[in-house]
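Residue-level listing of the chains:
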Amino acid sequence: MRAQLPRRVLLSLVLRLLFLKPVVTGSCSGDDQELLKQLQRQTDFMQDTSRLLDPYMHAQGLDVPGLKEHCQEHPGVFPRENALHGLSRRGFLQTLNAKLGHVLHRLTILQQDLPKVQLTVKRYIYGIRNNIYCLAQLLPGSSETAEPTQAGTEDSPPPPPASDTFQRKLQGCQFLRGYHRFMHSVGQVFHKWRESPSRSRRHSPHRALRKGAYRMQPSMRGKRLMPRGQLPQ
Amino acid sequence: MALFAVVQAAFLLTLLSFRTYQSEVLSEPLPWTPESLEVSINSAQQCLYLQWRVHNLTHHQELKMVFQIEISRIETSNVIWVENYSIPVTWNQVLHWSWESKLPLECVTHFVRIRSLVADASIPEPRFWSNWSSWEEVDAQKSLGQDPLFVFPKDKLVEEGSNVTICYVSRSPESNISCAMEDVPIHGKRLSPNVSVFILNDVRFIRETGTNIYCLNPSNMSGIILYVSKVLEEPKDFSCETQDLKSLNCTWDPGHDTTLRHQSSQRYTLFESFSGKTKLCEHKKWCHWQVAPDSQETYNLTLTAENQLRRRSVSILFNLTHRVHPMKPFNVFLKSISATNATMTWKVHPVGNYSTLLCQVALHGEGKVIQQHNVSVKVKSQYFLSELEPVTEYVTRVRCAAANHFWKWSEWIGQTFTTLEAAPSEAPDVWRNVKSVLGSHIVTLFWRPLSKSHAHGKILFYNVVIENLDKPSSVKLLSIPAPANGTELTLDQCSYQIHVTANNSVGTSPASIIVISRDPGNKNVEEGRIQGTEDGFSLSWKPQSGDVIGYVVDWYPQDPRCQLQWKNLDPNTTSTVIRSDAFRPGIRYNFRIYEISTERIAYLLEKKTGYAQELAPSENPQVAVSNLTSHSFSLSWKDYSTDSQSSFIQGYHVYLKPKEEQCHPGFEKVVLSDDSVCCQYKIDNPEQKTFVVENLQPESFYEFLVTPYTSVGEGPHDAFTKVTIPDEYSHVLIRIILPMIFCLLLLMVLCYLTSQWMKEKCYPDIPDPYKSSVLSLIKYKENHHPTIMNVNDCVPDAIEVVNKLEGSKIQFLGARKSLTEMEFTKPAYLYLLPTENYSGPGPCICFENFTYNQAASDSGSCGHVPVLLKTPPSQLALLTSPENLLKTLEQNYVNSSGGSPAGETSLNYVSQLASHMSGDKDSLPTNPPGPALCSEYRTQMAVSLGLASPSPSENSSLSSVTLLDQGEPRR
């Protein structure tokens, strides 16, 4: 637990640097609209291919005719947008959180190929996951039943890591393209959430969200965040 | 014959038996044949690994054997490699051999076989090869997956410049497979329906992540990464040195970095041959080597650079004490700093027992090394710096090296210091300019600021001591604060000696002395001209007296705002070149050459004036045209200054645009720069600034231009001035007609005045009773005072001022406003003022102006009569009724003039009882005048229409005036 504390502090500082309203040390914002707004901005940032994909393709020499055409998203790695729209809010947040965890893991593998940009992107992903956590805190736990943690189960599983370097290059490229597309889809979902607050009120009335948030805060003070990827039920 | 046949048969049998024996011997296997041959593949290195054994060797038996290995590709008959491998073989030994294939082993099937030969000396000859082993087939394609397309070799690492062979293997024979390196297509050779080979020559480094090579068909793509590294270079400038005899610091230049992504980078190791120690270096450019405590003096260090493809080494042998590179000194201080000296102290780090160092002290001033000294140092040292300049910033630095075996200097360490001030060492350079004004000398002193090397500090002020040489006791001191560079003195006609000194906080400079003589010297020196060049102005002069201490040339531009400059010259000099960056083209400079006598009196020798570079005039003079006649006019440009031009004016050109083919006499035809033809008249005298253009045609116009000309050209041909020539008689007419008009006007005025006088005397408009001739007759006849009815005896009635106007267009002269436009908000009243001694029944009678206020008249009252005034009832009654009023008016109305001309403003006779009334003038005679209350005239009131134009405010005045338009219908 002591080891977790500096990480949270570092994360808080990183988010402050990113001009995002921080969700730090158990103190989440009770304003779901504000959280949605921040998440919208973050997903807008992350869907930009110049953040990850373009530097990667350039570093690997894949930005040439004949190769860049093969840098297409591999189906099944990230859920499609219609699948995301079909999820409940809790299920959507769980899926997003899990996928971002996979992305963080994959970025660590790609660290040697993206030494400069991957650190910044990782910070952003940490910020998104914290806001997901805070948004999940505002969801009423009783109104939602158990949700699948993965969306798009009908999709084929992601391909196994390739044995040769060339195929791994292509897979990294395909993964990053899928990630940017996925973040675009996530942004669309958040956009829809912001445009239809009635559903939000129906399922999780704003007042109830705030109550829940306020009720949660005392217990969160002085405690660390829940482990990454673990959302409240 | 039979014998021959028998012998032949026996020979054949013998031969047959020998062949049979031989074949039996050869067919028997040799005891040391290679067996158990195994072939494996290393795909990463594209190597075939062979291992085998040799049986039938006894214990401790070692035989030198030769193994011949054959490698075939695709089919056994296609042998591509044969190699003899010699090796001593012992009992039960497993033998290894590898072969690197240029073609990836996965591309095609390979076959390997081996045989042996005993080459040991212990085995007598003849030696025979053993039988070949059976062919071992190596088919790497069998172990490939089910992918439809493969490209080989995978992740191969080569050096830049290498030739690389790649291939693709397709599961199905296809012809539409294309391959490319990066985005450049490559073309290969088909080995089989499923395999094609590509040879890439002289591959170059592209990026750290490797070069992408790929093949694709419409449905599949496969590729490889070819890692091309830079060629590992031999380390350059490998050197080792020590600062403390405890450790060595070795450095080198590694050259190209051969590091690739996903590949191990180049590494460096140090090996010392005497001690046998090795160290793997952590850095690519330097490495520390710990010196052995056993005082090893000589070192033989080898630096090895190594990567996966190459290994390079470089060695140095040296004595440790010969590679001492001391650390830079420390604790550098400066003490006892004066104006010219300072002492520098410092310490050095000890270098083991080898502690004697040679230190170098360098003194820098203004960026240059001024002094440099070597000092032998143990631990602490100092150096005395002398011959310094006052108030100068210096940088002193020190570095050290081993005294006995010089290797390298240490780094410099330095300190900055500034020496103290001292008194100025030089007298200021002083010059003067003297003007004689009204019996006194105006002396302007100039001095140049002392240079830094002479000022020795900040100059605070200048002392000017004026000593009257004619009155030795008269001394005057002026203290002029810096940074002034001159002053002006007014001196009388005596001789003066002037001392000028510069002073700083420490002391005073030597004095600069000049003498102003009571004799102003030679004033009649004529000014000569001088031509400047790019090098400046070259001046020369003839000395007038041999006893001089020097010469001074001063100069100043024509612009008075610029300051005098001067140059001091030796007494033996009779010429000089004045150079200055301040010289500008087109500016006239005046030079004066003085000789300085031993009494320090300056005598003017010569005066020169000139231009550094003459420029053509940029402006033409402003020309005034005068004396314009029908045949000539004069031009004048007297305001044009020839001295302030950009070159010496040699004269003027007068251009006249011709009206005819021929030019006027004196003019010559020239073609201007714009190809126009003009007549030019040349004036050679620059001081002639007038010109008369003659022989002109009357009633025409001419265009002229006056421009100066110089040795470098003339002024601009910009705008010609037009002059219109009058006709021949106009001036005559003007001279006659103007006086005639004047006389006529004078005559008219006289006539008018005479007529007025006559009118006044003979038939005035209103006869003055006092001036009546009747009075003179009465006086003459009765000889008593003529009696005229006193005004005071009469009750004032009324005064009417009748304005006779034609139409409604008559306007007030002053206000320029027509009567019809005038609006009176109040009725106009005409007050009858009582005379001074009037004691009648009422002081005033007023009439309302019915012309402008009919309503008021209808009321039958006069609201403007003062309440306190008591108007006689009879009169009031008479006047307050309109009918009565009308009657009264009719009875008293007198029309003295009988009407004025239409439109004429006139002063009319005013009757005391006359009142304004409505009605037409023509109707007046219909009502005969009634009995008048007073028949005597009173003082007449003359009212000018123009001057008496009433204003609304004036309506309330006591003497309101009613103006009537006679021609306007009555209402």
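Only a predicted model underlies this, so the values are computations on that prediction, with no experimental measurement involved.

## Some words on the overall build of chain B
The number of helices and strands found in chain B is seven helices and 55 strands. Buried positions account for 41% of the 971 residues belonging to chain B. Across chain B, the fraction of contacts at a sequence separation of at least 24, relative to all contacts at a separation of at least 6, is 65%. Carbon and sulfur atoms make up 53% of the accessible area of chain B, which totals about 54000 Å².

## Considerations on the packing of helix H2 (residues 32–46) of chain A against helix H6 (residues 117–137) of chain A
Residues and elements named next belong to chain A. In the contact formed by H2 and H6, the axes pass within 10 Å of each other and the chain directions differ by 155°. Taken together, the axes of H2 and H6 lie roughly antiparallel to each other. For the pair H2 and H6, the sense of crossing is left-handed. Touching Asp32, Leu35, Leu36, Gln38, Leu39, Gln42, Phe45 and Met46 of H2 are Val121, Tyr124, Gly127, Ile128, Asn131, Ile132, Cys134 and Leu135, all from H6. Partitioning the contact of H2 with H6 into residue classes produces eleven nonpolar, four polar and one charged.

## A few points about helix H3 (residues 53–60) of chain A
Given 3.6 residues per helical turn, the α-helix brings residues three or four places apart onto the same face. Listed as buried for H3(A) are Leu53(A), Tyr56(A), Met57(A) and Gln60(A). For H3(A), the angular spread of buried residues about the axis comes to 95°, placing them on one side. Next to the buried residues of H3(A) lie helix H7 (165–195) of chain A together with strand S15 (211–216) of chain B. After H3(A) finishes, the residue Gly61(A) shows a positive phi value of roughly 75°.

## Considering the UniProt feature "transmembrane region" (unreviewed entry) in chain B
Here the UniProt-annotated "transmembrane region" (unreviewed entry) positions come out as residues 732–753 of chain B. The span residues 732–753 of chain B carries 100% helix and 0% strand; its end-to-end C-alpha distance comes to 33 Å.

## Notes on the side chain of Thr576(B)
Residue and element names in this part refer to chain B. If you trace the backbone, Thr576 turns up in strand S42 (residues 575–578). On the accessibility criterion, Thr576 (8% relative accessible area) is buried. Among the polar contacts listed, one links the side chain of Thr576 to the side chain of Lys567, at a separation of 2.8 Å. In contact with Thr576, other than residues within four places in its own chain, are Phe537, Ser538, Leu539, Trp541, Val553, Lys567 and Leu569.

## Looking at the packing of helix H5 (residues 89–109) of chain A against H6(A)
In a packed pair of helices, the relevant descriptors are the angle between the two axes and the axis-to-axis distance. Residue and element names in this part refer to chain A. Remark: H5 packs on H6, axes separated minimally by 10 Å, with the N-to-C direction vectors making an angle of 160°. In terms of axis orientation, H5 runs roughly antiparallel to H6. Crossing handedness for the pair H5 and H6: left-handed. Every residue of H6 that contacts H5 at Arg90, Leu93, Leu96, Asn97, Leu100, Gly101, Val103, Leu104, Leu107 and Thr108 is listed here: Gln118, Val121, Lys122, Ile125, Tyr126, Ile128, Arg129, Ile132, Leu135 and Ala136. Of the residues assigned to the contact of H5 with H6, the class counts are 13 nonpolar, four polar and three charged.

## Brief notes about the nonpolar core
In this structure, Phe92(A), Leu93(A), Leu176(A), Tyr179(A) and Phe190(A) are the most contacted members of the largest nonpolar core, which totals 57 residues. Only H2, H3, H5, H6 and H7 of chain A together with strand S16 (221–229) of chain B provide two or more residues apiece to this core. If you tally residues by element for this core, the top one is H7(A), at twelve residues. In this structure, Phe92(A) is in contact with Leu84(A), Leu87(A), Val186(A), Val189(A), Phe190(A) and Trp193(A), ignoring residues within four places of it in sequence. Of all hydrophobic cores here, the second largest spans 22 residues; its members include Trp32(B), Leu63(B), Ile71(B) and Val118(B).

## Section: the state of the cysteines
Residue and element names in this part refer to chain B. Here the structure, examined in full by the defined rule, presents eight disulfides over all chains. Put simply, Cys179 and Cys215 are joined by a disulfide, and their sulfur atoms are 1.9 Å apart. Taking the sign of the torsion about the S-S bond as the criterion, the disulfide between Cys179 and Cys215, at about 110°, is right-handed. Taken together, the positions of Cys179 in strand S11 (residues 178–181) and Cys215 in strand S15 put the pair 36 residues apart, joining distant regions of the chain. For Cys179, a relative accessible area of 4% puts it in the buried group.

## Some thoughts on the pattern of salt bridges
Residues and elements named next belong to chain B. Taken as a whole and assessed by the stated rule, the structure comprises 21 salt bridges over all chains. With a closest N to O distance of 3.7 Å, Arg204 and Glu160 form a salt bridge. Of this pair, Arg204 sits in the loop between strand S14 (195–200) and S15 while Glu160 sits in the loop between strand S9 (156–159) and strand S10 (164–170), and the two are 44 residues apart along the sequence. For Arg204, a relative accessible area of 43% translates into the label partly exposed.

## Comments concerning the environment of Arg529(B)
All names here are of chain B. Residue placement: Arg529 occurs in strand S38 (residues 527–531). On a C-alpha basis, the gap between Arg529 and Thr609 in space is 4.9 Å, while along the polypeptide they are 80 residues apart. The contacts of Arg529, once residues within four sequence positions are left out, are Thr609 and Phe648.

## Some thoughts on the interface of chain A and chain B
Tallying the contact residues gives 18 residues for chain A and 19 residues for chain B. Approximately 1400 Å² of surface area, both sides summed, lies buried where chain A meets chain B, with 55% of it carried by carbon and sulfur atoms. Taken together, the links from chain A to chain B amount to one salt bridge. For the salt bridge of Asp164(A) with Lys154(B), the shortest nitrogen-to-oxygen distance reads 4.0 Å. The interface formed by chain A and chain B holds six residue pairs in polar contact (both at pLDDT 80 or more) in total. At the level of elements, H3 and H7 of chain A are the ones that each hand at least two residues to the side of chain A that touches chain B. In terms of residues, the side of chain A that touches chain B owes the most to one element, H7(A), which gives five residues. Here the residues of the side of chain A that touches chain B sort into seven nonpolar, eight polar and three charged.

## Notes on the confidence of the model for chain A
Residue and element names in this part refer to chain A. For chain A, per-residue confidence averages 72 on the pLDDT scale, and residues scoring 70 or more make up 63% of the total. Note on residues 12–25: pLDDT is under 50 here. Beyond four places in sequence and across chains, it has 23 contacts. Of the regions scoring below 50 in pLDDT, residues 142–155 engages in 27 contacts with residues more than four places distant in sequence or in other chains.

## Focus on the packing of aromatic side chains
All names here are of chain B. Enumeration according to the criterion identifies 36 aromatic pairs over all chains in this entry. Relative to Trp566, the ring of Phe446 lies with its centre 6.4 Å away and its plane at 40°, an arrangement referred to as tilted. Of this pair, Phe446 sits in strand S32 (residues 440–447) while Trp566 is found in strand S41 (residues 565–569), placing the two residues 120 residues apart along the sequence. When its relative accessible area of 11% is taken as the criterion, Phe446 is described as buried. Aromatic pair Phe667 and Tyr681: ring centres 5.4 Å apart, planes at 50°, arrangement tilted. On the criterion of sequence distance, the pair formed by Phe667 in the loop between strand S47 (651–656) and strand S48 (668–671) and Tyr681 in strand S49 (residues 677–683) is long-range, its members being 14 residues apart. For Phe667, a relative accessible area of 12% corresponds to the buried category.

## Some remarks on the environment of Ser618(B)
Among the structural elements, Ser618(B) can be located in the loop between strand S44 (602–611) and strand S45 (624–626). Expressed as a C-alpha distance, the spacing of Ser618(B) and Gly715(B), which sit 97 residues apart in the sequence, is 5.7 Å.

## Regarding the sheet that holds S10(B)
All names here are of chain B. What the four strands build is an open sheet, ordered S8-S10-S14-S13; its pairing is antiparallel. Looking at strand neighbours, the two that pair on one side only are strand S8 (149–152) and strand S13 (189–192), the edges of this open sheet. Adjacent strand axes in the sheet meet at a mean angle of 25°, parallel and antiparallel pairs treated alike.

## Structural notes on the side chain of Gln38(A)
All names here are of chain A. Assignment of secondary structure puts Gln38 in helix H2. For Gln38, a relative accessible area of 2% gives the class buried. Among the polar contacts made by the side chain of Gln38, one reaches the side chain of Asn131 at a distance of 3.3 Å.

## Focus on the sheet that holds strand S23 (residues 311–319) of chain B
For sheets, the rule is that strands pair by backbone hydrogen bonds, running either parallel or antiparallel. Residues and elements named next belong to chain B. Within the open sheet, the four strands sit side by side as S20-S19-S22-S23. Their pairing is antiparallel. Looking at which strands have only one partner, the edges of the open sheet turn out to be strand S20 (277–280) and S23. The sheet shows a mean angle of 20° between the axes of neighbouring strands, direction not considered. In terms of strand pairing, strand S19 (residues 267–272) meets strand S22 (residues 298–306) through six bridges, oriented antiparallel. Paired with Tyr268 across the two strands is Ala305, which belongs to S22.

Parameters at a glance
In this convention, every chain numbers its residues from 1, walking through the sequence in written order. A letter from A marks each chain and a number from 1 marks each ligand, given out in the order of writing. Local features in a predicted model are, by the rule used here, given only for residues with pLDDT of at least 70; side-chain atom pairs are given and counted only at 80 or more, and totals for whole chains, interfaces and linings are based on all residues. The side-chain figures draw on all heavy atoms in the structure; neither hydrogens nor water molecules are used. The numbering of helices and of strands both runs from the N terminus, where a helix is a DSSP run of H or I of at least 4 residues and a strand a run of E of at least 2. For every residue, the accessible area obtained with a 1.4 Å probe (protein chains only) is divided by the maximum for its type, and the residue is called buried under 20%, exposed over 50%, and partly exposed between those limits. Note on definitions: a residue-residue contact is assigned when non-hydrogen atoms from the two residues lie within 4.5 Å. Under the convention used here, a 1.4 Å probe and the Shrake-Rupley method define accessible areas, while residue burial counts only the protein chains that appear. Between N-to-C directions, angles span 0 to 180 degrees; the directions come from axes that are lines fitted to C-alpha atoms, helices contributing only their stretch in contact. Roughly parallel means an angle under 35 degrees; roughly antiparallel means over 145; roughly perpendicular covers 65 to 115; every other angle is labelled oblique. By definition, any crossing whose near helix is turned counterclockwise from its far helix by less than a right angle is left-handed, and any crossing with a clockwise turn is right-handed. Gly counts as polar in this scheme, as do all residues outside two lists: the nonpolar Ala, Val, Leu, Ile, Met, Phe, Trp, Tyr, Cys and Pro, and the charged Asp, Glu, Lys and Arg. By definition, the arc is the one covered by directions from the helix axis to the C-beta atoms. UniProt positions are given in the numbering used here, feature names are shortened, and annotations may be inferred rather than shown by experiment. Pairs of N or O atoms within 3.5 Å make up the polar contacts considered here, provided that, within protein, one atom can donate a hydrogen while the other can accept it, and that residues adjacent in sequence are counted only when both atoms are side-chain atoms. Grouping buried Ala, Val, Leu, Ile, Met, Phe, Trp, Tyr and Cys residues that are joined through side-chain atoms within 4.5 Å yields what is termed a nonpolar core. Cysteine sulfur atoms that come within 2.5 Å of each other are treated as a disulfide pair. Every case where a carboxyl oxygen of Asp or Glu lies within 4 Å of a side-chain nitrogen of Lys or Arg is listed as a salt bridge. Defined here as a combined quantity, buried area equals the accessible surface (1.4 Å probe) lost by two parts on assembly, summed across both. As a per-residue quantity, pLDDT reports the predictor's confidence and falls between 0 and 100. Any two of the Phe, Tyr and Trp rings considered here, Trp counted by its six-membered ring, make a pair once their centres fall within 6.5 Å; the pair's planes then place it as stacked at under 30 degrees, edge-to-face at over 60, or tilted in between. Here, strands pair whenever DSSP counts at least two bridges between them.

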